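# An overview of the molecular structure
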Amino acid sequence: MTDITHPIAEVKKATKAYQQGDRTVNALLDVDLTIHAGEFVAVMGASGSGKSTLMHLMSGLTRPTSGSITIDGQDLATLSDRGLTHFRRRCIGLVFQAFNLVPSLNAYDNIMFPLYAAGIKFQDDEAIYDLAQQLGIEDRLTHRPDSLSGGEQQRVAIARSLISNPAIVFADEPTGSLDSVTGQAICELLRRLCESQQRTIVMVTHEPSVAAWADRVVVLKDGQVLQQFATSAHADPQSLAAYYQQVVGGFEQPLAASLP
Ligand SMILES: Nc1ncnc2c1ncn2[C@@H]1O[C@H](COP(=O)(O)OP(=O)(O)OP(=O)(O)O)[C@@H](O)[C@H]1O
């Protein structure tokens, strides 16, 4: 059962402005968003709506032009660049579309990489094996990325994101490089991590069939939160896709038609 009482991430009046020639583009404008412990949240929106910018701000990869981001009680603005790097390593897990594994390292060392980078000695092989088992990659730990399937590589990347027991995991299009069956298996895994380990996950996706695994969908448009809705209000991904189309005003491709 998801415990959604404790805010893990709070975005308040966050704006991120970029200079494009003599034009200022507000990639995000006055965004307010709260993510609770144990929640699985999908961020959707058309290309250019500000999804990646929001993820980058919340994960401390970039700083807002104005407004504040608080993760696990820590206001990121009060941290120096170095302090922010340390905080990120301890408290934030990242999962990318392209997996971003180190090609020369086997799965075990890729999973351990954040701890190696932080200079943390961690000898508990049983804990790593347990984590690998939960992710279904326990027999793949000696393999390098080039001998793993896409789905296995993403499982390794998810294990890597969890190794430091972060307060929150951000996943940017985690199924974007996978076929739909493998993508659905990764979604099921993320869902299970929320339910069995009370993980808090924020995921960017274009796919309603992926967003349907989350608890809540946050829809961005032109750098602002256009709407938020609970996935439980929709009986199936087709209904969610149709509603999403309605919310964004039908300007996107007919995603409902592309659902399996
Ligand atoms: N570094 C940057 N410099 C200038 N403009 C930027 C920069 N990063 C993002 N933008 C602009 O900010 C807006 C939001 O971009 P962002 O990448 O957050 O959108 P997105 O929803 O993630 O898009 P996509 O789905 O295509 O990845 C866009 O207009 C983009 O051109």
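Our structure's up above, just so we're on the same page.
Residues numbered from 1 in each chain as written. Predicted model: local features only at pLDDT ≥ 70, side-chain atom pairs only at ≥ 80, totals over all residues. Heavy atoms only, no water.

Taken together, the 6 strands give an open sheet; going across it, the order is E6-E7-E8-E3-E9-E10, and neighbouring strands pair in mixed fashion. A strand with exactly one partner marks an edge of an open sheet, and here the two such strands are strand E6 (92-95) and strand E10 (224-230). Going across the sheet, the axis of each strand differs from the next one's by a mean of 20 degrees, ignoring polarity. Each of E6 and strand E7 (168-172) touches helix H2 (residues 81-91); the most contacted strand, E6, lies at about 75 degrees to it. Relative to E10, helix H8 (residues 237-248) is tilted by about 155 degrees, and along the sheet it contacts strand E3 (40-45), strand E9 (216-221) and E10. (Pairing = 2+ DSSP bridges. Helix = DSSP H or I, 4+ residues; strand = E, 2+ residues; numbered from the N terminus. Axes fitted to C-alpha atoms, helices over the stretch in contact; angles between N-to-C directions. Contact = heavy atoms within 4.5 Å.)

What follows deals with the pattern of salt bridges. Counted under the stated rule, the structure contains 7 salt bridges. Residue Asp81 pairs with Arg63 through a salt bridge whose shortest N-O separation is 2.9 Å. Placement of the pair is Asp81 in helix H2 and Arg63 in the loop between helix H1 (51-58) and strand E4 (66-71), with a sequence separation of 18 residues. Overall, the relative accessible area of 29% leaves Arg63 in the partly exposed class. (Salt bridge = Lys/Arg side-chain N within 4 Å of Asp/Glu carboxyl O. Buried < 20%, exposed > 50% of the residue type's maximum accessible area, 1.4 Å probe, protein only.)

Counting 44 residues, the largest nonpolar core has Ile111, Leu135, Ile158, Leu190 and Val217 as its most contacted members. Here this core takes 6 residues from helix H6 (residues 180-197), the largest share from any one element. Sequence-distant contacts of Leu190, defined by excluding residues within four places in its chain, comprise Phe40, Ile158, Pro174, Ile201 and Met203. (Core = buried A, V, L, I, M, F, W, Y, C linked by side-chain atoms within 4.5 Å.)

For any pair of aromatic rings, the description consists of the separation of the ring centres together with the inter-plane angle of the planes. For the structure shown, the criterion picks out 1 aromatic pair. Residues Phe229 and Tyr243 carry aromatic rings whose centres are separated by 4.8 Å and whose planes lie at 85 degrees to one another, so their mutual orientation is edge-to-face. Residue Phe229 is located in strand E10, and its partner Tyr243 is located in helix H8; the two are separated by 14 residues in the primary sequence. (Phe/Tyr/Trp six-rings, centres within 6.5 Å; stacked < 30°, edge-to-face > 60°.)

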